[in-house]
Amino acid sequence: MLHLSVLASGSSGNCALVETASTRVLVDAGLSARKIAQKLEIIGVSPNSLHGILLTHEHSDHAQGIGVWARRHGTPIFANSLTAEALKEESKGVQWRIFTTGSDFDLGDLRIQSFSVPHDAAEPVGFVLQHNGSGVGFLTDLGYATRMALERVRTVHTLLIEANHDEAMLHNDTRRPWAIKQRILSRHGHLSNNAAAQLLAEILGGSLRRVLLGHLSEDCNTPALALQTVRERLALGGGEAVEVLCAAPGDAPSRLLVG
Ligand SMILES: [Zn+2]
Ligand SMILES: [Zn+2]
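What this report covers is the structure whose coordinates are included nearby. Here the structure is a predicted model, which means the values were calculated and not measured.

Observations concerning a positive patch on the surface
Together, Arg 34, Lys 35, Arg 71, Arg 72 and Lys 92 make up a region of like positive charge exposed at the surface. Listing elements by their share of the positive patch, those giving two or more residues are α1 (33–42) and α3 (66–73). Note on placement: Arg 71 falls in helix α3.

Considerations on the coordination of the zinc ion (ligand 1)
The reference angle at a metal is 109.5 degrees if four donors form a tetrahedron and 90 or 180 degrees if six donors form an octahedron. At the metal site, the zinc ion (ligand 1) is ligated by Asp 61 (OD), His 62 (NE2), Asp 141 (OD) and His 215 (NE2), and these contacts range over 2.1 to 2.2 Å. The site at the zinc ion (ligand 1) holds four donor atoms, and with the angles between them running 91 to 158°, its shape is irregular. Distance-wise, the zinc ion (ligand 2) is placed 3.5 Å from the zinc ion (ligand 1), both being coordinated by Asp 141. With Asp 61 in helix α2 (residues 60–63) and Asp 141 in the loop between β10 (134–139) and α5 (147–153), this residue pair connects regions lying 80 residues apart in the sequence.

What about empty space enclosed by the protein?
Within this structure, the stated rule accounts for one cavity of 30 Å³ or more. Of the pockets and cavities examined, the largest cavity occupies roughly 110 Å³. Surrounding the largest cavity, 15 residues form its lining, Asn 14, Asp 28, Phe 138, Thr 140 and Leu 160 being those nearest its centre. Looking at the lining of the largest cavity, the elements with two or more residues in it are β2 (15–19), β9 (125–131) and β10. Of the residues belonging to the lining of the largest cavity, the class tally is eight nonpolar, six polar and one charged.

Examining the packing of helix α8 (residues 193–202) against helix α9 (residues 223–236)
Viewed as axis vectors pointing N to C, α8 and α9 meet at an angle of 30°, and their least axial separation amounts to 9 Å. It follows that α8 is roughly parallel to α9 by the angle criterion. Read as a crossing pair, α8 and α9 show a hand that is right-handed. Contacts between α8 and α9 involve Asn 193, Asn 194, Ala 197, Gln 198, Leu 200 and Ala 201 from the former and Leu 225, Ala 226, Thr 229, Val 230, Arg 233 and Leu 234 from the latter. Looking at the contact of α8 with α9 residue by residue, the classes come out as seven nonpolar, four polar and one charged.

Things to note about the nonpolar core
Core analysis: the largest hydrophobic core is formed by 29 residues, its most contacted members being Leu 139, Leu 159, Ile 161, Leu 200, Leu 208, Val 211 and Leu 213. Apart from residues no more than four positions distant in its own chain, Leu 159 is found in contact with Gly 137, Phe 138, Leu 139, Val 153, Leu 200, Ile 203, Leu 208, Arg 210, Val 211 and Leu 212. By size, the runner-up hydrophobic cluster in this structure holds 24 residues, among which are Cys 15, Leu 31, Ala 37 and Ile 77.

Points about the coordination of the zinc ion (ligand 2)
Bound to the zinc ion (ligand 2) are the protein donor atoms His 57 (NE2), His 59 (ND1), His 119 (NE2) and Asp 141 (OD), situated 2.2 to 2.3 Å from the metal. The coordination sphere of the zinc ion (ligand 2) comprises four donor atoms, whose angles at the metal cover 90 to 170°; the geometry is irregular. The sequence pattern formed by the donor residues of the zinc ion (ligand 2) is H-x1-H-x59-H-x21-D.

Examining the pattern of salt bridges
Applying the stated criterion across every chain yields a total of ten salt bridges. The shortest N-O distance in the salt bridge between Glu 85 and Lys 88 comes to 2.9 Å. Arg 175 is the partner of Asp 173 in a salt bridge, and the nearest nitrogen-oxygen pair spans 3.8 Å. According to the relative accessible area criterion, Asp 173 is buried, its value standing at 7%. Looking at Arg 175, the relative accessible area reads 63%, which means it is exposed.

A word on the packing of α1 against α3
Contact pair α1 / α3: the axes reach a minimum separation of 8 Å and the direction vectors enclose 65°. Of the possible angle classes, the one that applies to α1 and α3 is roughly perpendicular. On the side of α1, the interface is formed by Ala 33, Arg 34, Ile 36, Ala 37 and Leu 40, while α3 contributes Val 68, Trp 69 and Arg 72. Its residues assigned to classes, the contact of α1 with α3 comprises six nonpolar, no polar and two charged.

Overview of the side chain of Ser 192
One can find Ser 192 in the loop between α7 (178–185) and α8. For Ser 192, a relative accessible area of 4% corresponds to the buried category. Within the local environment of Ser 192, its side chain forms a polar contact with the backbone nitrogen of Ala 195, the two atoms lying 3.0 Å apart. Excluding anything up to four places from it in sequence, Ser 192 contacts Ala 163, Asn 164, His 165 and Glu 167.

A closer look at the sheet that holds strand β5 (residues 77–79)
Here we have seven strands laid out as an open sheet, ordered β6-β5-β4-β3-β2-β1-β14, and mixed in their pairing. Two strands in the sheet have a free side with no partner beyond their single neighbour: β6 (96–98) and β14 (255–257). This sheet shows a mean twist of 25° between the axes of neighbouring strands, independent of strand direction. As judged from the four bridges shared by β2 and strand β3 (residues 24–27), these two strands associate in the antiparallel manner. Residue pairing for β3: Val 18 is matched across the bridge by Val 25.

Reading the values: the criteria
Residues numbered from 1 in each chain as written. Chains lettered and ligands numbered in written order. Predicted model: local features only at pLDDT ≥ 70, side-chain atom pairs only at ≥ 80, totals over all residues. Heavy atoms only, no water. Patch = residues over 30% accessible without salt bridge, like charges linked within 9 Å, V, L, I, M, F, W, Y side chains within 5 Å. Areas by Shrake-Rupley, 256 points an atom, 1.4 Å probe, with all protein chains shown as cover. Salt bridge = Lys/Arg side-chain N within 4 Å of Asp/Glu carboxyl O. Lys, Arg positive; Asp, Glu negative; His and termini not counted. Charge placed at Lys NZ, Arg CZ, Asp CG, Glu CD. Helix = DSSP H or I, 4+ residues; strand = E, 2+ residues; numbered from the N terminus. Donors = N, O, S within 2.8 Å, 3.2 Å for Na, K, Ca; no water. Tetrahedral: all angles 85-135°; square planar, octahedral: opposite > 155°, others 65-115°. 1 Å grid on protein atoms, 1.4 Å probe; cavity = no way out; pocket = protein on both sides within 12 Å on 5 of 7 lines; lining within 4 Å. Points joined across faces, edges and corners; volume = space filled by probe spheres on them. Nonpolar A, V, L, I, M, F, W, Y, C, P; charged D, E, K, R; others polar. Axes fitted to C-alpha atoms, helices over the stretch in contact; angles between N-to-C directions. Parallel < 35°, antiparallel > 145°, perpendicular 65-115°, else oblique. Left-handed = near helix turned anticlockwise from the far one by under 90°. Contact = heavy atoms within 4.5 Å. Core = buried A, V, L, I, M, F, W, Y, C linked by side-chain atoms within 4.5 Å. Buried < 20%, exposed > 50% of the residue type's maximum accessible area, 1.4 Å probe, protein only. Polar contact = N/O pair within 3.5 Å; in protein donor to acceptor, adjacent residues only side chain to side chain. Pairing = 2+ DSSP bridges.

Structure, rendered in structure tokens:
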């Protein structure tokens, strides 16, 4: 049994809980420790029952909660060395568990795989968490899909993937300066709806059963647009049976059975 609960997803914070019968881990902690505890409470999870927090990278929308959380609850934080190094200032009291990107390890009865992704951070990674033949993947904050990322997520049944922006909405946005738009669109930025749809189309025919679209921009995307773009692209490739959901910011967390 494998459960996924998205506690938050988007530029104001990313945090998800993966649970087996005996292991609970967070992927990212990009909310305040208090907010994370509140969200866990909604689904009946005690903050002191976590076995670890896995970090994809050091950006504050993924890591801002770790210092206070670790001091309050003592949860070990799993990160690669450059990510941990980048968080040195705000991570007093953190029990680091350093992993090498690309080498698998076990956390309770979860098998954790990490792989590099192109993004403007020190050593950003995506994750695949496997349990009893089921896998859930995390692929947020990447400028484009590398062959390695595609190979890794091809094995999962459920994938949380970034659908950050609609290209036209980003282009027409008057509040973002040109330099920011360039950063988002760059090969070390974020995946658009179209890029996410294309990536998903490329892994059709593998194990994929369910997709959660996440990290949606609040100004340059809408859940309806992201869902439509991805569903249409998957249907073109014969992937109508893949369930596509949106992890919209602000939604109350709910537990999804993913394996
Ligand atoms: Zn992010
Ligand atoms: Zn980031």
